[in-house]
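Structural overview for review
In case you want the letters, here they are:
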Amino acid sequence: MAAALQTLGGGIGITLHWIAFTPTIEQQATEEQKKKWLKLAQDVAIVGAYAQTEMGHGTFVRGLETTATYDPSTQEFVINSPTLTSTKWWPGGLGKTANHATVMAQLYTRGKCYGPHNFMVQIRSLENHQPCPGVTLGDIGPKMESNGNDNGFARFDHVRIPRENMLMKFARVEADGTYVQPPSSKLAYSNMVYLRGTFVMSAAQALASATTIAVRYSCVRRQSEMKPGEPEPQILEYQTQQYKLFPQLAAAYAFWFASWFMTQQHGSITGSMEKGDMSGLAELHALSAGLKSYTTAVTARGIDVCRMACGGHGYSHASGLPALFGGAAALCTAEGENTVMMLQTARYLVKCFAQSQAGKRLTGTVAYLSAVQPSPVAGNRNMSDLGTLVAAFQHRAARMVRHAAMQMQGEMQKGKAREDAWNSCSVLLIKAAEAHVHSFVVRNFAETVQTVEVDESVRAVLTSLCQLYSLYGITEHAGDFLKDGYLTGRDIDAASSHLSAMLARVRPDAVALVDAFDLHDKILRSVLGRYDGRVYEHLYEWAKKSPLNKSEVHESYYKYLQPFLKSNRAKL
Ligand SMILES: CCCCCCCCCCCC(=O)SCCNC(=O)CCNC(=O)[C@H](O)C(C)(C)COP(=O)(O)OP(=O)(O)OC[C@H]1O[C@@H](n2cnc3c(N)ncnc32)[C@H](O)[C@@H]1OP(=O)(O)O
Ligand SMILES: Cc1cc2nc3c(=O)[nH]c(=O)nc-3n(C[C@H](O)[C@H](O)[C@H](O)COP(=O)(O)OP(=O)(O)OC[C@H]3O[C@@H](n4cnc5c(N)ncnc54)[C@H](O)[C@@H]3O)c2cc1C
């Protein structure tokens, strides 16, 4: 997936075949259907796209317009794009690469709509790759980044597929058109939950790549005078450079560990669901939505901080940082736009808060909501103690969830409908959900560094990194911690001075910490981040390959500049 975040070459891309199309078959097809399609997909004997988003709808899946109408006389579904806005729009590989697609469409049988379901549709001939009859395909045009990958559009004009092409692991339509309910209507969304979970690792890898590039370059680059007459220092010696890069480095580790937890959670909850126990689905959805939203947003911002920390060369494609940024920016929108995903987490938190108010003991990632004391306990805290830092983040999140939920209850008591009260509190709800996810990431980071099986010297470095990540979060969001007096001004000052000490403590291990990501130059694709540090020679070689350098005097001189100069000189 890290490679996917770099631009893909050649106008085709099968990233989505691997991360969306094939997992959809794995998760939503019956055993019978897997026998038919899964091996073909795994062997790339067919290439697929995950065709859900339309020109008019991406977030609101229940609003999708593509229809799949069951015809019992022929036992077929008729796939149709009834409007321009129902055109499938964005799916990776859909325009030029894929010959199959799982198409999310509103299922109609016996005149009733049963909502969005997935259907397997062949879209191109396996002989000559021409679009199948009734299918119109194309690329949606240049994008912010990853223009090597085709993101396509598709229209269906009453395309008929066999009944067996409905992915029927959860819901079914019998030959006579009877619809059989799934255990939960949200199981049709299960592959999105899976993919969001993988985005946490994609974010970690992207931030790991960016910090590798920026830290290594910051050891090669020497600039300015720290003391008059002394040699120019490595720019990593400046505290401001450490303050830019080390919190991003710590976040990369934090997100890497969070993705371990996400993968483990996804496995155990979907395992239970296979046995019919759906109880973990809501927590899994809330966690994957919140973590995806939080980690991709922090990563995109963090990559741009790394780019700026590399000066002009960071802005060059030679650095690899613009491509990384473009890829990470995509992760903020794709697979559930970040705002909408964080609101899904907020919805779950408000529900859990109400349950805890009614006396239910909460478990899992929200357990702290019922355990945290509402009243602040001010006093001199040891701001370098991980337990203290975790408790501060949990207190902050619990306070903000409570505040947002009570605000919403207040609005409803004033007579507002629930939906209106929700909307008028949604900024508070988003901030509370972000605080919740942030507290989870900090707690998980702290628990991982305390339990992971490593040499004690490595544990010490990881502990410093976890302290740095937490202290940075407290100083960056000081107001949230000061608001109810849980932390005092003195605590925040102590946090700031500990943070400065952590920057100095991490400095000697910074290169080792990025080397530990073990990202090969071929993955980094960065002249600045080269393992051998030979930046300048390779920057010059890279520049010489620029297409503009194919000729000494570019053709544009003769076409535009020469006549322009001539006419100006003639006027002198
Ligand atoms: C460089 C190149 C880069 C690389 C590029 C990298 C590759 C890019 C790959 C991108 C691939 C794609 O984008 S594929 C397309 C991705 N699209 C999306 O993710 C669409 C996002 N939208 C959605 O998932 C849905 O519309 C929602 C969740 C926002 C709303 O769904 P809804 O059905 O309206 O549900 P809603 O009314 O909000 O909530 C009703 C109840 O359902 C629950 N619920 C909602 N969803 C789920 C769920 N998945 N699992 C369990 N429960 C759920 C709620 O918690 C709630 O429970 P209760 O409170 O009632 O108990
Ligand atoms: C690089 C890339 C790859 C993609 N690949 C695929 C793919 O392979 N398959 C596929 O099916 N799709 C794919 N997508 C599409 C992607 O899933 C959608 O873009 C995404 O779900 C957002 O939907 P939208 O674009 O319609 O934006 P909208 O849903 O229109 O959102 C626009 C804005 O409205 C806001 N908004 C919407 N609803 C709410 C709400 N309820 N509350 C508050 N604010 C709201 C959003 O926050 C957002 O800021 C891809 C997109 C990108 C960028």
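Counting starts from 1 at the beginning of each chain's written sequence and moves along it residue by residue. The order in which chains are written sets their letters, starting at A; the order in which ligands are written sets their numbers, starting at 1. Given that the model is predicted, a residue must reach a pLDDT of at least 70 before its local features are reported, and side-chain atom pairs must reach 80 or more before they are shown or counted; all residues, however, enter totals for whole chains, interfaces and linings. Calculation of side-chain values draws on the structure's entire complement of heavy atoms; hydrogens and water are dropped beforehand.

Selection criterion: UniProt positions are given in the numbering used here, feature names are shortened, and annotations may be inferred rather than shown by experiment.
In the nomenclature of an unreviewed UniProt entry, the protein chain corresponds to Acyl-coenzyme A oxidase from the organism Branchiostoma floridae. Within the UniProt record for the protein chain, the comment given under Sequence similarities (unreviewed entry) is "Belongs to the acyl-CoA oxidase family." Of the comments in the UniProt record for the protein chain, the one headed Pathway (unreviewed entry) reads "Lipid metabolism; peroxisomal fatty acid beta-oxidation."

With respect to the overall build of the protein chain
Spelled out, the test is: Numbering of helices and strands starts at the N terminus; helices are DSSP runs of H or I of at least 4 residues and strands are runs of E of at least 2. The globule rule is 2.2 Å times the number of residues to the power 0.38, and the radius of gyration it is compared with is taken over C-alpha atoms. Each residue is placed in one exposure class: buried if its accessible area under a 1.4 Å probe, protein chains only, is under 20% of its type's maximum, exposed if it is over 50%, and partly exposed if it falls in between. Residue contacts follow a heavy-atom distance rule, with two residues in contact if any of their heavy atoms lie within 4.5 Å. Neither His nor the chain ends is counted toward charge; the positive residues are Lys and Arg and the negative residues Asp and Glu. Where a charge sits is defined by one atom per residue type, namely NZ (Lys), CZ (Arg), CG (Asp) or CD (Glu).
Along the backbone of the protein chain there are 20 helices and 11 strands. Over its C-alpha trace the protein chain gives a radius of gyration of 27 Å, about what one expects of a compact globule, namely 25 Å for 572 residues. Considered along the principal axes of its C-alpha atoms, the protein chain spans approximately 90 × 80 × 55 Å. Across the 572 residues in the protein chain, those meeting the buried criterion constitute 52%. In the protein chain, once contacts between residues fewer than 6 apart in sequence are set aside, the share between residues at least 24 apart is 72%. One finds the centroid of the 56 positive side-chain charges in the protein chain at a distance of 4 Å from the centroid of its 49 negative side-chain charges.

Quick look at the site of ligand 2
Applied cut-off: Nearness is defined per residue: one heavy atom within 4 Å of the molecule or strand is enough. Two N or O atoms form a polar contact when they lie within 3.5 Å of each other; inside protein one atom must be a possible hydrogen donor and the other a possible acceptor, and for residues adjacent in sequence the pair counts only when both atoms belong to side chains. To measure how exposed things are, a 1.4 Å probe is used in the Shrake-Rupley method; for residues, cover is taken only from the protein chains shown.
Surveying the vicinity of ligand 2 reveals 20 residues, the closest of which are Tyr-50, Thr-53, Gly-58, Thr-59 and Glu-337. Side-chain polar atom of Thr-53 to a nitrogen atom of ligand 2: 2.7 Å apart, as the coordinates give it. Note that an oxygen atom of ligand 2 is positioned 3.0 Å from one of the backbone N or O atoms of Gly-92. The protein chains hide 63% of the 970 Å² of surface that ligand 2 would expose on its own.

Notes on the nonpolar core
Test applied: Only buried Ala, Val, Leu, Ile, Met, Phe, Trp, Tyr and Cys residues count toward a nonpolar core, and they belong to the same one when joined by side-chain atoms within 4.5 Å.
Among the nonpolar cores identified, the biggest contains 113 residues, and Phe-255, Tyr-469 and Ile-474 are the most heavily contacted of them. With near-sequence residues (within four places) excluded, Phe-255 lies in contact with Val-200, Ala-204, Leu-207, Tyr-294, Thr-295, Val-298, Thr-299, Val-441 and Tyr-469.

As for the sheet that holds strand β4 (residues 88-92)
Sheet strands pair by backbone hydrogen bonding; their relative direction is either parallel or antiparallel. For the record, the criterion: One bridge is not enough; two strands pair if DSSP finds at least two bridges between them. Between the N-to-C directions of two axes lies an angle of 0 to 180 degrees, each axis being a line fitted to C-alpha atoms and, for a helix, fitted only over the stretch in contact.
Ordered by their spatial adjacency, 3 strands build an open sheet running β4-β8-β7, and the pairing between neighbours is antiparallel. Looking at the sheet topology across the chains shown, the edges are occupied by β4 and β7 (135-139). Each adjacent strand pair in this sheet contributes to an overall mean axis angle of 30°, direction not counted.

Overview of the state of the cysteines
Note the cut-off: In this description, a disulfide is simply a cysteine sulfur pair whose atoms lie within 2.5 Å.
Within the structure shown, the criterion is met by 0 disulfides. Cys-466 forms no disulfide, and the closest cysteine sulfur to it belongs to Cys-306, at a distance of 19 Å. Assessed through its relative accessible area of 0%, Cys-466 is described here as buried.

Quick notes on the pattern of salt bridges
The following threshold applies: Salt bridge criterion: a side-chain nitrogen from Lys or Arg within 4 Å of a carboxyl oxygen from Asp or Glu.
Applying the stated criterion across every chain yields a total of 23 salt bridges. Salt-bridge contacts for Asp-515 lead to Arg-216; the nearest nitrogen and oxygen are separated by 2.8 Å. Note that Asp-515 is positioned in helix α17 (residues 510-515) and Arg-216 in helix α4 (residues 190-220), a separation of 299 residues in sequence. Residue Arg-216 is classed as buried on the basis of its relative accessible area, which comes to 9%. Between Asp-491 and Arg-381 there is a salt bridge; the shortest N-O distance is 3.8 Å. Of this pair, Asp-491 sits in helix α16 (residues 489-506) while Arg-381 sits in the loop between α10 (367-371) and α11 (386-413); the two residues are 110 residues apart in sequence, bridging distant segments of the chain. Each of Asp-71, Glu-76 and Arg-160 takes part in salt bridges that share partners, so that together they form one network.

Re the environment of His-100
Relative to the helices and strands, His-100 resides in strand β5 (residues 100-109). Spatially, the C-alpha atoms of His-100 and Val-366 are 41 Å apart, while their sequence positions differ by 266 residues. Among residues more than four places away in sequence, those in contact with His-100 are Phe-21, Ile-46, Val-47, Gly-48, Ala-49, Met-120, Val-121, Gln-122, Ile-123 and Leu-126. A distance of 2.8 Å separates the side chain of His-100 from the side chain of Asn-99, its partner in a polar contact.

Remarks on the site of ligand 1
Our working rule: Each residue gets one label: Ala, Val, Leu, Ile, Met, Phe, Trp, Tyr, Cys and Pro are nonpolar, Asp, Glu, Lys and Arg are charged, and the others, such as Gly, are polar.
Contacts to ligand 1 come from 32 residues, most closely from Thr-59, Lys-186, Arg-196, Arg-347 and Lys-351. Interatomic distance of 3.3 Å between a side-chain N/O atom of Gln-52 and a nitrogen atom of ligand 1. At 2.7 Å from an oxygen atom of ligand 1 is found a side-chain nitrogen or oxygen belonging to Arg-196. Coverage of ligand 1 by the protein chains reaches 84% of its 1200 Å² of free accessible surface. For the shell around ligand 1, the secondary structure elements donating two or more residues are α2 (15-28), α4, α6 (281-309), α8 (321-333) and α9 (338-357). With 5 residues, α9 is the single largest residue contributor to the shell around ligand 1. By residue class, the composition of the shell around ligand 1 is 17 nonpolar, 9 polar and 6 charged.

Some details on the UniProt feature "domain: Acyl-CoA oxidase C-alpha1" (unreviewed entry) in the protein chain
When the UniProt feature table is mapped onto this chain numbering, "domain: Acyl-CoA oxidase C-alpha1" (unreviewed entry) sits at residues 189-350. Taken end to end, residues 189-350 comprises 78% helix and 0% strand; its first and last C-alpha atoms sit 22 Å apart.

Some points on α6
An α-helical turn contains 3.6 residues, so any two residues separated by three or four positions project in the same direction. Counted only if it meets this: A helix is expected to span 1.5 Å for every residue after the first.
The terminal C-alpha atoms of α6, which comprises 29 residues, lie 41 Å apart, in line with the 42 Å expected from a rise of 1.5 Å per residue. Counting buried residues in α6 gives 24 out of 29 residues, a clear majority hidden from the surface. Just downstream of α6 lies Gly-311, where phi reads positive at about 60°.

Brief notes about a nonpolar patch on the surface
Selection rule: Patch criteria: residues need more than 30% relative accessible area and no salt bridge. Like-charged residues are merged within 9 Å; nonpolar side chains of Val, Leu, Ile, Met, Phe, Trp and Tyr are merged within 5 Å.
Together, Leu-561, Phe-564 and Leu-565 make up a nonpolar patch on the protein surface, roughly 270 Å² of accessible area in all. Structurally, Leu-565 can be placed in helix α20 (residues 555-570). The class for Leu-565 is partly exposed, based on a relative accessible area of 33%.

Re unusual backbone geometry
The phi dihedral of Val-44 falls on the positive side, at around 50°, and the residue is not glycine. With respect to the helices and strands, Val-44 occurs in the loop between α3 (31-42) and β1 (48-51). The phi angle at Ser-146 is positive, at roughly 55°, despite the residue not being glycine. With respect to the helices and strands, Ser-146 occurs in the loop between β7 and β8 (151-156).

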